[in-house]
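Spelled out, the chains give:
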Amino acid sequence: MESKRLVVVSNRLPATLKKEDGEWTVKAGAGGLVTAMAPVLKNRGGVWIGWSGSSDPTIDVDALLSDFSDEAGYDLHTVPLTKEEVDGYYLGFSNEIIWPLFHDLQTRCKFDPQYWRTYLDVNFKFAEMVARKTTPDDYVWIQDYHLMHQAFFLKSMGVKRKTGFFLHIPFPPPDIFMKLPWRWKLIQALTEFDLVGFQTLQDRENFAECLRRLMPEAQFEGDGGVVTVDMGNHQFRLGAFPISIDFNQFSEIAKRPEVAEKAFSIKEALRHRKIILGVDRLDYTKGIPERIRSIQTMLRRYPDLKGRVNFVQIAVPSREEVDDYKELRTEIEQLVGRVNGEFSFPGWVPVHYHYKSFPHDELVAYYSAADIALITPLRDGMNLVAKEYCACNVTEDGVLVLSEFAGAAAQLQGEAYLVNPYDMEGIAKALHRAIHWEKDQRSAHMSKLRDQIRKNNIYWWVDSFLQAGISKSLGDFPEVAAMKYERG
Ligand code: GDG
């Protein structure tokens, strides 16, 4: 049994600890990665290693997580981190250096050498936990930019593991990556994984270009979906694996009577005006201010739309302790106020702004109610919201307006309406057109979008990564019931 385990390692566990009315509670986490992996491990069992989200030394994290673990159907192991470690490794190196740099926003980077040192220390700590909780037969699948040194440290400890790494965010082109003071050490560390996966072929190409410049000894073999790189003393592989969603789950929830009713009541509250919807974590990469300005441009250019459309923006609180995010929140609130101040009249307010996380069902109801999804990140690894919107559009009459700089655009470009998120007039025009599209036209595009996402769903994503990593498919891992039986 042990030899067949899938071990996921990520910065955060799929559960978060929260103090409510003086009591610690465990809640299922939100965000792209958790949305993507939870159904997979739930169906198949396995292990998840990560940080709990709390640095309070007085709480017994393992005890709190054990109930959650039983219910989730897989084991959770927490890597304890101090506040200083979180500040340097997570808020610092990961979110003030790698996150902006890899999203092409180099001027936002704070290249503090102390961040780098803490990043290495914490990566070492994670690698020690991985070494302790896994066996040589497990497949260790490391997630995202917080943990790029896992294979490097495991090897330096002499611990042999089969490792795969998936980068959820974009990989930048060389002229941007080369700004990183620790560029050589970082790219070298990535070459120590057995498989490195990216969201798109473009990301893979960017990485290959950086590798060619920094480590000229690297020899590339093959030109298919997965290529082999010979480093002289070892080989590793590179591939593009566009992440996806549990299509059927979203689609089924959207069909539930109570969710359809909720969607109808959202439409009714807005008097059946056309609903344009934006859903994002509140993050400067998501292009929210630019999007609100596009709505402003649309209402100025096309006065016939006044009173006939509503823009609903859901912004989920994120990284609230970071100054850049606090400033962004204020900027968005001011912009919403300005646009509403300019156009509102009795009975109509154009922009409805929600700064909160909605329960899953309610989010699905918003997706179902929306006539247009306006998803315009300045840069995005994939963007699951784009796919979730299509999955929930069971009536197949919605329109997806999508940034050409979202990874999802590479897959959905034939049927989504692609826009440049910086081009306010272009977005205004796209919206005006989409609003006037006939139902036939909307359905033709939406049904193809849905077919594509239904087929290339989250299980397909996991399968393609595992096939490339260890020539196994998801079905080769034991079902939860079988694991329990063998354990007993
Ligand atoms: C990173 C990469 C990549 C949003 N609002 C609510 C809510 N959400 C959920 C959505 C969606 C997730 O959050 C956001 O996923 P995204 O993919 O759009 O973006 P990131 O969080 O930046 O994720 C991204 C992803 O990793 C996966 O690889 O696609 O490019 O940046 O699933 O449903 N969930 C709930 N209430 C809300 O109000 N419950």
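Caption draft 1: Geometry of the nonpolar core. In this structure, Phe171 and Met298 are the most contacted members of the largest nonpolar core, which totals 99 residues. The element best represented in this core is helix H3 (residues 83-102), accounting for 10 residues. In terms of domain composition, this core takes at least three residues from each of domain 1 (6-243 + 458-481) and domain 2 (247-455). Counting 70 residues, the second-largest nonpolar core is a separate cluster that includes Leu41, Trp48, Ile243 and Ile458.

Caption draft 2: Representation of the site of the ligand in the model. Close to the ligand lie 24 residues, the nearest being His168, Phe358, Asp380, Leu384 and Glu388. Gln199 places a polar side-chain atom, nitrogen or oxygen, 3.1 Å from an oxygen atom of the ligand. The contact in question runs from an oxygen atom of the ligand to an N or O atom on the side chain of Glu388, over 2.5 Å. Relative to its unbound accessible surface of 730 Å², the ligand loses 92% to contact with the protein. Split by residue class, the shell around the ligand holds 11 nonpolar, nine polar and four charged. Counting contributing residues, the shell around the ligand receives three or more from each of domain 1 (6-243 + 458-481) and domain 2 (247-455).

Caption draft 3: How the structure looks around the packing of aromatic side chains. Overall, the coordinates contain 27 aromatic pairs when judged by the stated rule. Of the aromatic side chains, those joined through ring pairs into one cluster are Tyr89, Phe93, Trp116, Tyr119, Phe126 and Trp182. In this structure, Arg108 is placed above the aromatic ring of Tyr284, and the distance from its NZ or CZ to the ring centre is 4.0 Å. Against the face of Trp99 rests Arg319, its NZ or CZ located 4.3 Å from the ring centre.

Caption draft 4: Spatial organisation of the sheet that holds strand S7 (residues 162-166). With mixed pairing, the nine strands of this open sheet are ordered in space as S5-S4-S1-S6-S7-S8-S11-S10-S9. Strands with a single pairing partner mark the edges of an open sheet, and in this sheet they are strand S5 (75-78) and strand S9 (219-221). Between one strand axis and the next, the sheet turns through 20° on average, direction left out of account. Across three bridges, the pairing between S9 and strand S10 (residues 226-230) is antiparallel. When the bridges of S10 are listed, Gln219 appears paired with Asp230. Here helix H4 (residues 113-133) sits on the sheet in contact with strand S1 (6-12), strand S4 (47-51), S5 and strand S6 (139-143), set at roughly 155° to S4.

Caption draft 5: Just the layout of surface pockets, in detail. What the second largest pocket holds in volume is close to 310 Å³. Looking at the lining of the second largest pocket residue by residue, the classes come out as nine nonpolar, six polar and five charged. Shared between two domains, the lining of the second largest pocket holds at least three residues of each, these being domain 1 (6-243 + 458-481) and domain 2 (247-455).

Caption draft 6: How the structure looks around the domain arrangement of the chain. According to the domain assignment, the chain consists of domain 1 (6-243 + 458-481) and domain 2 (247-455). For domain 1 and domain 2, the distance between their C-alpha centroids amounts to 30 Å. For the pair domain 1 and domain 2, the summed buried area comes to about 1800 Å², and 61% of that belongs to carbon and sulfur atoms. Taken as a group, Trp99, Arg108 and Ile243 account for 28% of the area that domain 1 buries against domain 2, more than any other trio of residues on that side.

Cut-offs applied
- Each chain carries its own residue numbering, running from 1 in the written order of its sequence.
- Restriction of local features to residues with pLDDT of at least 70 applies here, the model being predicted, together with a cutoff of 80 or more for giving and counting side-chain atom pairs; totals for whole chains, interfaces and linings are based on all residues.
- Based on all heavy atoms of the structure, the side-chain values leave hydrogens and waters out of the count.
- Definition of nonpolar core: a set of buried residues of the types Ala, Val, Leu, Ile, Met, Phe, Trp, Tyr and Cys, connected through side-chain atoms within 4.5 Å.
- Using a 1.4 Å probe on the protein chains alone, a residue whose accessible area is under 20% of its type maximum counts as buried, one over 50% counts as exposed, and one in between counts as partly exposed.
- Here a helix means four or more residues in a row that DSSP labels H or I, a strand means two or more in a row labelled E, and each is numbered from the N terminus.
- Where each domain begins and ends follows an automated or database-derived domain assignment.
- When at least one non-hydrogen atom of a residue lies within 4 Å of a molecule or strand, that residue is treated as near it.
- Within 3.5 Å is the distance limit for a polar contact, defined as a pair of N or O atoms, with the added protein rule that one can donate a hydrogen and the other accept it, and that residues adjacent in sequence qualify only through two side-chain atoms.
- Accessible surface is estimated by sampling points in the Shrake-Rupley manner with a 1.4 Å probe; for residues, cover comes only from the protein chains shown.
- Asp, Glu, Lys and Arg are counted as charged, while Ala, Val, Leu, Ile, Met, Phe, Trp, Tyr, Cys and Pro are counted as nonpolar; the rest, among them Gly, fall into the polar class.
- In summary, the pairing rule links any two rings of Phe, Tyr or Trp, Trp by its six-membered ring, whose centres are within 6.5 Å, and it sorts them by plane angle into stacked for under 30 degrees, edge-to-face for over 60 and tilted for everything else.
- For a ring to carry a charge above it, either NZ of a lysine or CZ of an arginine must fall within 6 Å of the ring centroid while also lying within 35 degrees of the normal to the ring plane.
- If DSSP finds at least two bridges between two strands, the strands pair.
- Fitting a line to C-alpha atoms yields each axis, with helices limited to the stretch in contact; the angle taken between N-to-C directions then spans 0 to 180 degrees.
- By the convention used here, residues are in contact when the closest approach between their heavy atoms is within 4.5 Å.
- Lining residues are defined by having an atom within 4 Å of a point belonging to a cavity or pocket. Those points lie on a 1 Å grid over the protein atoms alone, cavities being sets where a 1.4 Å probe fits but cannot get out and pockets being open sets with protein on both sides within 12 Å along at least five of seven lines.
- Grid points are joined across faces, edges and corners, and a volume is the space filled by probe spheres set on the points.
- Accessible-area loss on putting two parts together, using a 1.4 Å probe and summing over both, is the definition of buried area adopted here.

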